[in-house]
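# Summary of structural features
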Protein chains: 2
Amino acid sequence: MGFELKKYLAEKKQEIEKFIVSYFNPSIIPKILHESVLYSLTAGGKRLRPILCIASYEACDGKKNIVPYATAIEFIHTYSLIHDDLPAMDNDDLRRGKPTNHKVFGEGIAILAGDGLLTEAFTILSNPEYADINPAILLKVINEISKAAGLRGMVAGQAYDLISEGKEPDENIVKFIHSYKTAAMIKASVKSGAILAEASEEKIYHLEVYGQSIGLAFQIIDDILDIEGTTEEMGKPKGSDIERGKMTYPKVFGIEKSKEEARLLIEKALQEIEIFGDKAEPLREIAKFIISRTN
Amino acid sequence: MGFELKKYLAEKKQEIEKFIVSYFNPSIIPKILHESVLYSLTAGGKRLRPILCIASYEACDGKKNIVPYATAIEFIHTYSLIHDDLPAMDNDDLRRGKPTNHKVFGEGIAILAGDGLLTEAFTILSNPEYADINPAILLKVINEISKAAGLRGMVAGQAYDLISEGKEPDENIVKFIHSYKTAAMIKASVKSGAILAEASEEKIYHLEVYGQSIGLAFQIIDDILDIEGTTEEMGKPKGSDIERGKMTYPKVFGIEKSKEEARLLIEKALQEIEIFGDKAEPLREIAKFIISRTN
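Residues numbered from 1 in each chain as written. Chains lettered and ligands numbered in written order. Predicted model: local features only at pLDDT ≥ 70, side-chain atom pairs only at ≥ 80, totals over all residues.

Moving on to the overall build of chain A. When helices and strands are counted, chain A shows 15 helices and two strands. For chain A, whose C-alpha radius of gyration is 18 Å, the value lies close to the compact-globule estimate of 19 Å for 295 residues. The C-alpha extent of chain A, read off along each of the three principal axes, is 50 × 50 × 35 Å. Among the 295 residues that make up chain A, the fraction classed as buried is 54%. Nonlocal contacts in chain A, meaning residues at least 24 apart in sequence, comprise 72% of its contacts between residues at least 6 apart. (Helix = DSSP H or I, 4+ residues; strand = E, 2+ residues; numbered from the N terminus. Rg over C-alpha atoms; globule rule 2.2 N^0.38 Å. Buried ≥ 20, exposed ≤ 12 C-beta atoms within 10 Å, placed from the backbone. Contact = placed C-beta atoms within 7 Å.)

Here it is in structure tokens:
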């Protein structure tokens, strides 16, 4: 029987969500923070980033249970969504079909929940006991992830995204935004799996290019779905990018060219992981799944 | 010639600020983020936390240049101030006599600058090359600092601080707030220095108690200065705690009992570091300096 993506994703998702619940139970944090953090962590995400980390680890023959470390990446992703939805940022009332964190808990607690999740990710990543990982390896992972998330990564992309609202379409700026805001953390997720597996430099390199490529494709497709998708599919009102004057791929290049670019990026990603053979089947199917969202 | 605290603090401050400037120059981050981050990092703080880290390291016979790691703690402190000043939190217009970050750069960039500084701290702490530190030691430091800063530390304290505004005075709550909001990171700063020096468990324990004690005293005195200090001394309007209905030590225990408590905490801190002899002279003088602010 061949590889079944749906089953694979469901299994990994379950492991990740089991860790999330066990991590915060029994609660040792103030009740309102606990509720706020769990609200966003369990709001039904696809868990794409931690699953990519695990799939990459397995493609590199990793045998340990690295779910805690992979989930730390989901903490960082969740923090970024909470802060991104704030009135001073994207000012979104809905996320995945539910009221955004600050709508439920207030802005102050939402800011703190985001801060706390970001910080807690590093508490997890700095604990070698989850899977008896070499400290030098964990330090490398922390370095990769923090660079991808920080002032030279995701935060830089968010800043450009914010200050580019309402500006004239600009190819370089939209590429910068997509590369930093979205692709950096997706690439770091894939790369972290390879680092945790102590893979060769060559394998790490190929997985990095794969991660960067699917990361860019993912954001381009997200931009396209904002135009072509339904509110139900998106979990938030369609057309919100246009309404806010966001610098998106379709705005700069048009829909057809954007779709073509996404297809080329996925093709490139698939080529990069050919050397892994069957072991990269999950990574391959995830890449195909990403492009299938626009079909 | 005896130990001169003023000279010691000035020297350490200079080293820390030299690292801050060199770290962000040449800039590899978007201009507005760069400006926002440097604005708050160079706004004239006392650098108490990184100096405590270095002084503790030196008390434990550490000989390397750990300024980068100590400065990472200042990044975390600075992020917490930027977020704390936001309209949804303390809504402060002034900090150290200057307009707060969001007043100058807008709320969105201020949130991102804080996020970026917090993340960047872990990029620094996960780089063993600054001082050839054993990866296992750095991992321990990251674990300590992230726990002290996160959902079970500073962020928890901030959340309680926020939700306790306007509530009836409560001894347990004010102690919780002070312990988590302020003392946790001061304790972690001192403890990190000792961990970096690979000090014995016994020494680490004494320095932890020292850090916890001066941390609590520091916050109690801050509360007192909000009532008795001048706007000039504080760098922000006096009485702002009262105006916001903050749960402060003087509000719960009265001014005289608060002063007495601060004195006792500093006495306790001084006893804890007796075993270090002359090597703890800077830590001793810093403790005395903290209590001198109310004299």
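As a further point, take the relation of the copies chain A and chain B. Superposing chain A onto chain B requires a rotation of 180 degrees together with a translation of 0.0 Å along the rotation axis, leaving an RMSD of 0.0 Å. Here the two chains are linked by the operation of a two-fold rotation axis. The position closest to the rotation axis in chain A is occupied by the C-alpha of A:Pro135, lying 2.9 Å away. Take the interface residues of chain A: 100% of them recur as interface residues in chain B, which is what a same-surface contact looks like. (Least-squares fit on C-alpha atoms with pLDDT ≥ 70 in both.)

As a further point, take helix α7 (residues 135-149) of chain A. In a regular helix each residue adds 1.5 Å, so 15 residues correspond to 21 Å; α7(A) covers 21 Å between its end C-alpha atoms and thus fits that length. The buried fraction of α7(A) amounts to 11 of the 15 residues, a majority that puts the element mostly inside the structure. Residues A:Leu138, A:Leu139, A:Lys140, A:Val141, A:Ile142, A:Glu144, A:Ile145, A:Ser146, A:Lys147, A:Ala148 and A:Ala149 constitute the buried set of α7(A). Against the buried residues of α7(A) lie α4 (67-85), α6 (107-125), α8 (154-163) and α9 (171-196) of chain A together with α6 (107-125) and α7 (135-149) of chain B. (Expected span 1.5 Å × (residues − 1).)

Our next topic: the environment of B:Gly211. All names here are of chain B. One can find Gly211 in helix α10 (residues 201-228). In sequence terms Gly211 and Glu198 are 13 residues apart; their C-alpha atoms lie 17 Å from each other. For Gly211, the residues in contact, after removing those within four places along its chain, are Ile186, Lys187, Ser189, Val190 and Lys191.

How large an interface is tends to be reported as the accessible area lost when its parts come together. Contacts between the two partners involve 44 residues from chain A and, on the opposite side, 44 residues from chain B. Looking at the side of chain A that touches chain B, the elements with two or more residues in it are α2 (31-41), α6, α7 and α8 of chain A. Here the side of chain A that touches chain B gets 12 residues from one element, more than from any other, and that element is α6(A). When its residues are assigned to classes, the side of chain A that touches chain B shows 28 nonpolar, 11 polar and five charged. (Nonpolar A, V, L, I, M, F, W, Y, C, P; charged D, E, K, R; others polar.)

Think of two packed helices as two axes; the pair is described by the angle between the axes and how far apart they sit. Between α7(A) and α7(B), the shortest axis-to-axis distance is 8 Å and the interhelical angle comes to 50 degrees. For the element pair α7(A) / α7(B), the angle class is oblique. Along this stretch, α7(A) crosses α7(B), giving a crossing that reads as left-handed. Within the contact between the two elements, α7(A) uses A:Pro135, A:Ala136, A:Leu138, A:Leu139 and A:Ile142 and α7(B) uses B:Pro135, B:Ala136, B:Leu138, B:Leu139 and B:Ile142. (Axes fitted to C-alpha atoms, helices over the stretch in contact; angles between N-to-C directions. Parallel < 35°, antiparallel > 145°, perpendicular 65-115°, else oblique. Left-handed = near helix turned anticlockwise from the far one by under 90°.)

Between α8(A) and α6(B), whose axes approach to 9 Å, the crossing angle comes to 170 degrees. Judged by the angle between their axes, α8(A) and α6(B) are roughly antiparallel. Across from A:Val155, A:Gln158, A:Ala159 and A:Leu162 in α8(A), the residues of α6(B) making contact are B:Gly108, B:Ile109, B:Leu112, B:Asp115, B:Gly116 and B:Thr119. For the contact of α8(A) with α6(B), the class distribution of residues is five nonpolar, four polar and one charged.

A separate point is the nonpolar core. The biggest cluster of nonpolar side chains holds 179 residues, and the ones touching the most others in it are A:Ile76, A:Ala217, B:Ile76 and B:Ala217. Setting aside its immediate chain neighbours within four residues, A:Ile76 contacts A:Leu118, A:Ala121, A:Ile145, A:Ala149 and A:Met185. (Core = buried A, V, L, I, M, F, W, Y, C linked by C-beta atoms within 7 Å.)

Below, the discussion takes up the environment of A:Gly215. All names here are of chain A. Along the chain, Gly215 falls in helix α10 (residues 201-228). Residue Gly215 is classed as buried on the basis of its 29 C-beta neighbours within 10 Å. Gly215 sits 51 residues away from Ile266 along the chain, and the two C-alpha atoms are 9.4 Å apart. Leaving out residues up to four positions away in the same chain, Gly215 has contacts with Thr182, Ala183, Ile186 and Lys187.

Another aspect to go through is the confidence of the model for chain A. Mean pLDDT over chain A works out to 94, with 98% of the residues at or above the 70 mark. As a predicted assembly, this complex carries a pTM of 0.97 together with an ipTM value of 0.97. (pLDDT = per-residue confidence, 0-100.)

All names here are of chain B. The backbone of Asp61 shows a phi angle near 70 degrees, a positive value even though the residue is not glycine. Positionally, Asp61 belongs in the loop between α3 (48-59) and α4 (67-84). A positive phi is found at Arg96, a non-glycine position, where the angle reads about 55 degrees. Relative to the helices and strands, Arg96 resides in the loop between β1 (94-95) and β2 (98-99).

Residue and element names in this part refer to chain A. A rise of 1.5 Å per residue sets the reference length of helix α1 (residues 5-23), with its 19 residues, at 27 Å; its end C-alpha atoms lie 27 Å apart and thus fit the reference within 8%. For α1, the full list of buried residues reads Lys12, Ile16, Phe19 and Ile20. Taken around the axis of α1, the buried residues stretch over an arc of 105 degrees, which confines them to a single face. In α1, the exposed positions that point more than 90 degrees away from the buried face belong to Lys6, Lys7, Ala10, Glu11, Gln14, Lys18, Val21 and Ser22. (Arc of directions from axis to C-beta.)

Residue and element names in this part refer to chain A. Turning to its location among the elements, Tyr23 is positioned in helix α1. The exposure class assigned to Tyr23 is partly exposed, which follows from the 16 C-beta atoms found within 10 Å. Taking the C-alpha atoms as reference points, Tyr23 and Ala10, 13 residues apart in sequence, are found 20 Å from one another.

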